[in-house]
Amino acid sequence: MEVSAVKSLYWELFPPMPTKRVYCTPIYQDRQLFVLGGCSETGLPLDKVEMLDVVSQKWTGLPSMPTPRAGAAAVILNKQVLIIGGMNEDQCPLGSVDIFNIDEGKWEKRTPLGQPSMGLTAVKKDGRVYALGGMGSDAAPQALVRVYDPASDHWHPLPPMLTPQYAASAYLKGNKIFVLGGRQGKLPVTAFEALDLETKSWTKYASIPSRRAFANCAMTEKCFYSMGGLQQPGPHNFYSRPHFVNTVEEFDMEQGNWLKSSRSTRMREKRADFSVGHVGGRMVAAGGLDATSSAEFLHHFVCAALDFQHLQNLLCLGNQPVPLGSVEGFHPIKRKWESLPAMNVPRCSCASLQTDNMLFVIGGVAQGPSNAVEALCDRESI
């Protein structure tokens, strides 16, 4: 594996989005970045759709979605953007599914999900879309798995996940969809399981060793990682209040287990609610929140993903902590984290999107919702 030099990595700052937003849904294809929905400065869902042409660096407003939504999942199928679920203005999960025809510039309604869901995870393979988990109308986590066939406009049920959860990380590797982490209400989930798309069966792997809210997961060719987060107090914890950690836990696919944690592989900074990706052969952690957060802010921070009223309180709080702008990358050969160029706009709660050679960081919170868009790039890959 070739690893680029730190000096070859840089942040490209794009023109700001016309609309400030958090919890939006980004999609990228053919040098075009689509940003759909999210929450406004008042904490309510948006129906706005904006597109950035990465070459000309110009934003274009597109026809609004039929339904305002935040926390939705989306995939792009050829020249169509499919957006699924999310939460509406009444704080209720959505079952609606809409599709945007890029060439025609029109939205169409499609067959809805069987049950409304927000915070579900979507993965596409061979022209089909798999929707996993989510939070239902009763605020309970779901184990539902559904596959969408765009040709027939029909959702088919698949065997449910072994662990109900929402806001999980999902990765496609071969014929398997791996699902890590997520939440059940305010509690983080440590489950790690995989759906075999050929046998339609689930396999349970050893759970993530430690329980951390707002941690982030990543996958490389041979390993899965769980990084950082907010450690909740427990009977064996020395701290009496929630605290951020720089923990990095690594699952080796060849060995089939979580490797023993090493002090040398911990991140340089303790952070939660940050962005992750891969650039220049490195795993990257960017922005987020650090240990300066107050107890009041942490309370609203934990609740914001569950309730728009908490989100409104969060955005209106005085003395908000300053989000991190620092960035670090894990060198897989040296097996250590190194400082990378900092973001132009420090933020947390960003939407991130990985392309072949760029990591986009979009919107988020920086003393209120942000309209900043930037991407970590590698000069050696240009």
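Our structure's up above, just so we're on the same page.
This text gives an overview of the structure that appears in the document. Since the structure is predicted, the reported quantities are computational estimates derived from the model, not experimental observations.

Reading the values: rules and limits
Residues numbered from 1 in each chain as written. Predicted model: local features only at pLDDT ≥ 70, side-chain atom pairs only at ≥ 80, totals over all residues. Heavy atoms only, no water. Helix = DSSP H or I, 4+ residues; strand = E, 2+ residues; numbered from the N terminus. Buried < 20%, exposed > 50% of the residue type's maximum accessible area, 1.4 Å probe, protein only. Contact = heavy atoms within 4.5 Å. Areas by Shrake-Rupley, 256 points an atom, 1.4 Å probe, with all protein chains shown as cover. Core = buried A, V, L, I, M, F, W, Y, C linked by side-chain atoms within 4.5 Å. Salt bridge = Lys/Arg side-chain N within 4 Å of Asp/Glu carboxyl O. Pairing = 2+ DSSP bridges. Axes fitted to C-alpha atoms, helices over the stretch in contact; angles between N-to-C directions. 1 Å grid on protein atoms, 1.4 Å probe; cavity = no way out; pocket = protein on both sides within 12 Å on 5 of 7 lines; lining within 4 Å. Points joined across faces, edges and corners; volume = space filled by probe spheres on them. Nonpolar A, V, L, I, M, F, W, Y, C, P; charged D, E, K, R; others polar.

1. Re the overall build of the protein
Phase 1: On a plain count of helices and strands, the protein comes out with 2 helices and 33 strands.
Phase 2: Burial statistics for the protein: of 382 residues in total, 57% are counted as buried.
Phase 3: Pairs at least 24 apart in sequence give 53% of the contacts found in the protein among residues at least 6 apart.
Phase 4: For the protein, the exposed area adds up to about 16200 Å²; of that, 50% sits on carbon and sulfur atoms.

2. What to know about the nonpolar core
Phase 1: Counting residues in hydrophobic clusters, the biggest one holds 17 residues, and the most contacted among them are Leu33, Phe360, Ile362 and Val373.
Phase 2: Of all the elements in the fold, those that place two or more residues in this core are strand 3 (32-36), strand 31 (351-354), strand 32 (358-362) and strand 33 (373-378).
Phase 3: Setting aside its immediate chain neighbours within four residues, Leu33 contacts Pro26, Ile27, Tyr28, Glu50, Met51, Leu52, Trp59, Leu353, Phe360, Ile362 and Val373.

3. Things to note about the pattern of salt bridges
Phase 1: Enumeration according to the criterion identifies 13 salt bridges in this entry.
Phase 2: With its nearest N and O atoms 2.8 Å apart, the salt bridge here joins Arg212 to Glu249. One end of the pair, Arg212, is in strand 20 (residues 212-213); the other, Glu249, is in strand 25 (residues 248-252), and 37 residues separate them in sequence.
Phase 3: A relative accessible area of 5% means that Glu249 is categorised as buried.
Phase 4: Across the salt bridge formed by Arg282 and Glu338, the nearest N and O atoms sit 2.5 Å from each other. Here Glu338 lies in strand 30 (residues 336-340) and Arg282 lies in strand 28 (residues 282-286), a separation of 56 residues in the sequence. As far as burial versus exposure is concerned, Arg282 and Glu338 are alike and both buried.
Phase 5: Each of Arg69, Asp98 and Lys109 takes part in salt bridges that share partners, so that together they form one network.

4. Notes on the sheet that holds strand 14 (residues 169-173)
Sheet strands associate in pairs through backbone hydrogen bonding, adopting either a parallel or an antiparallel arrangement.
Phase 1: With antiparallel pairing, 4 strands are arranged side by side in an open sheet as 14-15-18-19. Each of the sheet's edge strands pairs with one partner strand only, and the pair in question is strand 14 and strand 19 (201-205). Ignoring strand direction, the axes of neighbouring strands in this sheet form an average angle of 20 degrees.
Phase 2: Judged from the 5 bridges that link them, strand 18 (residues 192-196) and strand 19 form a sheet pairing that is antiparallel. Counterpart to Ala194 in the pairing with strand 19 is Thr203.

5. Observations regarding empty space enclosed by the protein
Phase 1: What the rule picks out here adds up to 2 cavities of 30 Å³ or more.
Phase 2: Put simply, the largest cavity is a space of about 40 Å³.
Phase 3: Surrounding the largest cavity, 13 residues form its lining, Thr121, Leu132, Gly133, Gln165 and Ala168 being those nearest its centre.
Phase 4: The class makeup of the residues in the lining of the largest cavity is 8 nonpolar, 5 polar and no charged.
Phase 5: What the second largest cavity holds in volume is close to 30 Å³.
Phase 6: Along the walls of the second largest cavity sit Gln29, Asp30, Gln32, Phe34, Ile76, Lys79 and Ile102, which together make up its complete lining.
Phase 7: Per-class residue counts for the lining of the second largest cavity are 3 nonpolar, 2 polar and 2 charged.

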